[in-house]
Amino acid sequence: MAQKNQQFDKISPEMFKIVGGRHGDTEKLSDKSVSFWKEVRLRFSQNKLAVFGIFVLVIVTLLAIFVPIFSPYSYREQLGIYNAAPSAAHWFGTDDLGRDIFVRVWQGARISLFIGITAAVIDLIIGVLWGSIAGLAGGRVDNIMMRIADILSAVPYLLVVIILLVVLKPGLIPMIIALSITGWVNMARIVRGEVLSIKNQEYVLAARTLGANTWHLIMKHLVPNALGAILVTMTLTIPSAIFTESFLSYLGLGVPAPTASWGTMASEGNKALTSAPWRLFFPAFFISLTIFAFNAVGDGLRDALDPKLRK
């Protein structure tokens with residue numbers, strides 16, 4: 001017994017100090033915990049292509065807002081200088097009616113971005129509600145709702161849009177309606193899949209047990225937890241809508257003259273490709289650059305949300 005007491009006497013507080021660390025380091029480790037969305041932001045910032053995409057979109061948006069306001073020319077003003085090459089006076093040259101192409105490009109950016117973003121927001125609202133309700137309800141309701149979505153997606157998207165524009169006549173509002181009529185189906189499918197994977201989680205079941213209604217479950221529990229997939233899908237929907245608008249405007253089904261959009265400008269410029277190639281180059285360049293930027297941001301956001309997808 002005496003021998004055991006001697007062994008305990010040899011134990012000192014020094015023996016319990018953390019080796020290789022300083023006092024308080026353990027507490028500091030807990031302070032360095034990073035939230036999910038902060039971690040997503042940090043991973044996104046490491047993607048140089050995605051950051052470049054954000055930079056491009058900010059510049060394009062600012063130019064679209066401010067150039068038509070501060071330019072000495074109006075996008076519809078005929079200056080009497082026809083098909084002039086780019087110069088210090090007219091940075092992007094003029095068209096066959098003597099209008100300044102630089103101003104028209106950024107006025108067209110307003111229209112193209114507005115159509116693309118508005119169509120994507122409508123797709124977001126319809127798709128999130130449709131997919132959430134279908135996934136949460138399940139059973140027969142889910143089957144009926146998704147069969148309707150399947151029928152809409154079975155019809156070629158461009159064919160539906162072209163038919164609607166022919167019936168409604170070309171214009172800004174008809175273009176947005178046409179782009180949104182079936183564009184929400186992909187969003188609905190993605191949201192439904194996310195809802196199916198989380199609707200049986202404990203916190204959702206607990207909310208149901210406490211009497212939460214369908215709207216509360218969707219807005220407070222299901223949508224926030226599916227937000228990553230929703231953001232990625234929406235980010236990739238916008239460039240698709242911009243491209244479709246540009247393509248339809250190129251075919252003559254876009255906004256009517258004298259309103260400018262990148263698609264209508266590309267259509268007008270194609271007619272003068274050999275004599276004034278800059279008229280096609282500038283709108284086509286900014287269509288391509290903007291679509292590339294949105295896709296880069298969407299891919300970067302997807303990779304940041306799911307590191308397993310990173311190469």
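Residues numbered from 1 in each chain as written. Predicted model: local features only at pLDDT ≥ 70, side-chain atom pairs only at ≥ 80, totals over all residues. Heavy atoms only, no water.

- Per an unreviewed UniProt entry, the protein chain goes by the name ABC transporter permease and belongs to Lysinibacillus antri.

1. Let's talk about the packing of helix H5 (residues 101–137) against helix H13 (residues 262–270)
- Between H5 and H13, the least distance of the axes is 8 Å, while the angle of their chain directions is 135°. It follows that H5 is oblique to H13 by the angle criterion. Contacts between H5 and H13 involve Ile-101, Arg-104, Val-105, Gly-108, Ala-109 and Ser-112 from the former and Trp-262, Met-265 and Glu-268 from the latter.
- Across the contact of H5 with H13, the residue classes break down as five nonpolar, two polar and two charged. (Axes fitted to C-alpha atoms, helices over the stretch in contact; angles between N-to-C directions. Helix = DSSP H or I, 4+ residues; strand = E, 2+ residues; numbered from the N terminus. Parallel < 35°, antiparallel > 145°, perpendicular 65-115°, else oblique. Contact = heavy atoms within 4.5 Å. Nonpolar A, V, L, I, M, F, W, Y, C, P; charged D, E, K, R; others polar.)

2. A look at the environment of Gly-53
- Note on placement: Gly-53 falls in helix H4 (residues 48–70).
- Judged by its relative accessible area of 0%, Gly-53 is buried.
- On a C-alpha basis, the gap between Gly-53 and Leu-289 in space is 9.0 Å, while along the polypeptide they are 236 residues apart.
- Every residue in contact with Gly-53, bar those within four places of it in the chain, is listed here: Ala-293 and Val-297. (Buried < 20%, exposed > 50% of the residue type's maximum accessible area, 1.4 Å probe, protein only.)

3. Examining the nonpolar core
- One finds Phe-92, Val-105, Trp-106 and Ile-230 to be the most contacted residues of the largest nonpolar core, which totals 51 residues.
- Residue contributions to this core peak at 11 residues, all from helix H14 (residues 278–305).
- Once you skip the residues sitting within four places of it in the chain, Trp-106 turns out to touch Val-60, Leu-63, Ala-64, Val-67, Pro-68, Phe-92 and Phe-286.
- Counting residues in hydrophobic clusters, the runner-up holds 13 residues, among them Leu-165, Ala-178, Leu-179 and Val-255. (Core = buried A, V, L, I, M, F, W, Y, C linked by side-chain atoms within 4.5 Å.)

4. Observations regarding unusual backbone geometry
- With phi around 50°, Asn-83 is a residue other than glycine that occupies positive phi space.
- Following the sequence through the fold, Asn-83 ends up in the loop between H4 and H5.
- The partly exposed category is assigned to Asn-83, whose relative accessible area is 30%.

5. Observations regarding the side chain of Ser-132
- By the secondary structure assignment, Ser-132 is in helix H5.
- Looking at Ser-132, the relative accessible area reads 0%, which means it is buried.
- Polar side-chain contacts of Ser-132 include one of 2.6 Å to the backbone oxygen of Val-128. (Polar contact = N/O pair within 3.5 Å; in protein donor to acceptor, adjacent residues only side chain to side chain.)

6. Some remarks on the packing of aromatic side chains
- Across all of its chains, the model carries 11 aromatic pairs by this definition.
- Ring geometry for Phe-102 and Trp-106: centres 6.4 Å apart, planes at 75°, overall edge-to-face. Separated by four residues within a single helix, Phe-102 and Trp-106 lie in helix H5, roughly one turn from each other. No difference in accessibility class separates Phe-102 from Trp-106, as the two residues are buried.
- Measuring from centroid to centroid gives 5.8 Å for Phe-281 and Phe-285, while their planes differ by 20°, and the two rings are stacked. (Phe/Tyr/Trp six-rings, centres within 6.5 Å; stacked < 30°, edge-to-face > 60°.)

7. Points about the side chain of Thr-264
- Within the element layout of this structure, Thr-264 appears in helix H13.
- You can call Thr-264 buried: its relative accessible area is 10%.
- Leaving out residues up to four positions away in the same chain, Thr-264 has contacts with Ser-249, Val-255 and Thr-259.

8. Points about the pattern of salt bridges
- Counted under the stated rule, the structure contains 10 salt bridges.
- Arg-147 serves as the salt-bridge partner of Asp-150, at 2.9 Å between the closest nitrogen and oxygen. In this pair, Asp-150 and Arg-147 both sit in helix H6 (residues 139–154), three residues apart, roughly one turn of the helix.
- The exposure class assigned to Asp-150 is partly exposed, which follows from its relative accessible area of 26%.
- One connected set of salt bridges, linked through shared partners, spans Asp-95, Arg-99, Arg-104 and Glu-268. (Salt bridge = Lys/Arg side-chain N within 4 Å of Asp/Glu carboxyl O.)

9. Observations regarding a nonpolar patch on the surface
- Together, Ile-117, Val-121, Ile-125, Ile-126, Leu-129, Ile-133, Val-141, Trp-215 and Met-219 make up an exposed nonpolar region whose accessible area comes to about 720 Å².
- Mapped by element, the contributors of at least two residues to the nonpolar patch are H5 and helix H11 (214–225).
- The element contributing the most residues to the nonpolar patch is H5, with six residues. (Patch = residues over 30% accessible without salt bridge, like charges linked within 9 Å, V, L, I, M, F, W, Y side chains within 5 Å. Areas by Shrake-Rupley, 256 points an atom, 1.4 Å probe, with all protein chains shown as cover.)

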